[in-house]
Amino acid sequence: MSMSFLKRFRKKETPVEEDKPPIWEDRIFWVSTLQKIAYPVLNNLAKGSLKKNMPYESINPEGKKFSHLEAFTKVFNGIAPWLELGVDSSEEGKIREKYTYLTLKAIANAINPKSNDYIFVVEPKQSLIDLALFAQGLLRAKNQIWLNLPMHIQARIIRELKNTRIIAPYENHWLLYTAMIEAALLEFTGECDKERLVYGIHKFRDEFYVGDAIYSDGEDFEASYYNSLIIHPMLNDILTVMRKYGLSDGEFLDVQLMRSSRLSSQLERVISPEGTYPLLGHSLAYRCGVFHLLSQAILLKILPRNINPAQVRSALTKVLEVQFENNNNFNNEGWLIVGLNGSQMDISESNVNTGSLYACCAVFLPLGLPYDDSFWTAPSSEWSSLKAWNGHQIEQDQSINF
């Protein structure tokens, strides 16, 4: 039903109604792509068949015990702001209603020890990552997901989040996983382990900042997308909760958001005219998930003033088209396969498996903006690299020193 609606409007030969801006097609394409990626995970988990039907692909067999939890938490983390828009009478609103139901049912199965798809097993250390992403998703969809969960499921989630306190994080971005979980506990219970909440914040604020919006991932620096994948998005959401509850370290949020604004401009500039991007560092099998921070900057409306939001929409739409408009990155059953563009196992690290690939859903955060937001309604615009290589005027890149 809804899929036919999306296909009908995606056809290029279909005339656009005069009372609808042509760019409405971009959002339809984004929602269609979201469904293409997320549906196999959410539908199977809601039915209790995720373990049965989801394939496992990795160079390391050890990740299989976490793969299902990874897939769900990464999907949920990315689509949560879209779910938070709630249900309305539009075609997209009906799709959101369906996906909200699937998500609530999926959580109920995932957290239930009697379910075939009980996947919330706290086992050091991988589960710390997945539960942190889940906690971040709950913060992003508090009204539509958290508050619509039965109290006994909420209680079990709180228990599982607290169980992660037995896990000692590494002295790098893992510190933000513990902080994210404590931030969620503070939001949902009014209490938290303050030391686990602030320790990572202090490390990144006082020790790990390299300059020009870039943090080192621990003491040693290496080029990668981890500032966008994890560090900035988690710092932003954790500090927002801290400020809400009047914690003094929440004052760092202002500087952090300005740094995120700067990094978002860097990310926009690395998108080529063809919708490709540099192959730097680890986790390239996460595909467009490497633009997590750019997508969050759109959602939070912290893009630099010299970047037109429509040019970011145009750039990310091109990226999505390159990676997902055909079926090159899916197997015959619709599951993502390991690689950047097609099956490319050699680009994968040992900790990457089928579940990890769903980190690509982070790119969908802008769907948390309503359809009439200027991000969606403004005419398409050339992004920075497209302007430059077309010989059009483009401003100099501007670094920051704070």
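See above for the structure.
Counting starts from 1 at the beginning of each chain's written sequence and moves along it residue by residue. For a predicted model such as this one, the threshold for reporting local features is a pLDDT of at least 70, and the threshold for listing and counting side-chain atom pairs is 80 or more; totals across whole chains, interfaces and linings nevertheless cover every residue. As a rule here, side-chain values cover all heavy atoms of the structure and leave hydrogens and water aside.

Draft legend 1. View of the nonpolar core. Ranked by internal contacts, the top residues of the largest apolar core, which has 124 residues, are Phe72, Ile157 and Ile238. Numbering of helices and strands runs from the N terminus; a helix is a DSSP stretch of H or I covering at least four residues, while a strand is a stretch of E covering at least two. Among the elements that line this core, the one with the most residues is helix H8 (residues 174-189), at 12 residues. For this analysis, residues touch if any pair of their heavy atoms sits within 4.5 Å. Setting aside residues no more than four positions away along its own chain, Ile157 makes contact with Ile107, Ile111, Phe134, Leu138, Trp146 and Leu149. Only buried residues count toward a nonpolar core. Its members are Ala, Val, Leu, Ile, Met, Phe, Trp, Tyr and Cys residues joined through side-chain atoms within 4.5 Å. The buried label applies to any residue whose accessible area, calculated with a 1.4 Å probe on protein chains only, is under 20% of its type's maximum; exposed applies above 50%, and partly exposed to all values in between.

Draft legend 2. Up close: the environment of Lys65. By the secondary structure assignment, Lys65 is in helix H4 (residues 64-84). Given a relative accessible area of 49%, Lys65 falls into the partly exposed group. In sequence terms Lys65 and Lys51 are 14 residues apart; their C-alpha atoms lie 9.7 Å from each other.

Draft legend 3. Broad picture of the layout of surface pockets. Using protein atoms alone on a 1 Å grid, points that fit a 1.4 Å probe yet trap it form a cavity, whereas open point sets bounded by protein on both sides within 12 Å along at least five of seven lines form a pocket; residues with an atom within 4 Å of a point count as lining. Grid points are joined across faces, edges and corners, and a volume is the space filled by probe spheres set on the points. Counted as a void, the largest pocket has a volume near 590 Å³. For the largest pocket, the lining is made up of 34 residues, of which Glu70, Gln126, Ile129, Tyr286 and Asn351 are closest to its centre. Mapped onto the lining of the largest pocket, the elements with two or more residues apiece are H4, helix H6 (126-140), H8 and helix H10 (226-244). No other element matches the six residues that H4 contributes to the lining of the largest pocket. Within the lining of the largest pocket, the residues separate by chemical class into 15 nonpolar, 14 polar and five charged. Lys, Arg, Asp and Glu make up the charged group, whereas Ala, Val, Leu, Ile, Met, Phe, Trp, Tyr, Cys and Pro make up the nonpolar group; the residues left over, Gly among them, are polar.

Draft legend 4. Spatial organisation of the packing of H4 against H6. For helices, the fitted axis covers only the stretch in contact; all axes are lines through C-alpha atoms, and the angles between them, taken along N-to-C directions, range from 0 to 180 degrees. Direction vectors running N to C along H4 and H6 enclose 15 degrees, while the axes themselves pass 8 Å from each other. With respect to each other, H4 and H6 are oriented roughly parallel. Crossing of H4 over H6 shows left-handed handedness. Here Phe66, Leu69, Glu70, Phe72, Thr73, Lys74, Phe76, Asn77, Ala80, Pro81 and Glu84 of H4 come into contact with H6, specifically with Gln126, Ser127, Asp130, Leu131, Leu133, Phe134, Gln136, Gly137, Leu138 and Arg140. Split into classes, the residues belonging to the contact of H4 with H6 amount to 10 nonpolar, six polar and five charged. In what follows, roughly perpendicular refers to angles from 65 to 115 degrees, roughly parallel to angles under 35, roughly antiparallel to angles over 145, and oblique to any angle outside these ranges. Take the far helix as the reference: if the near one is turned anticlockwise from it by less than a right angle, the crossing is left-handed, and if turned clockwise, right-handed.

Remember that the coordinates give geometry; whether it matters functionally is a separate question.
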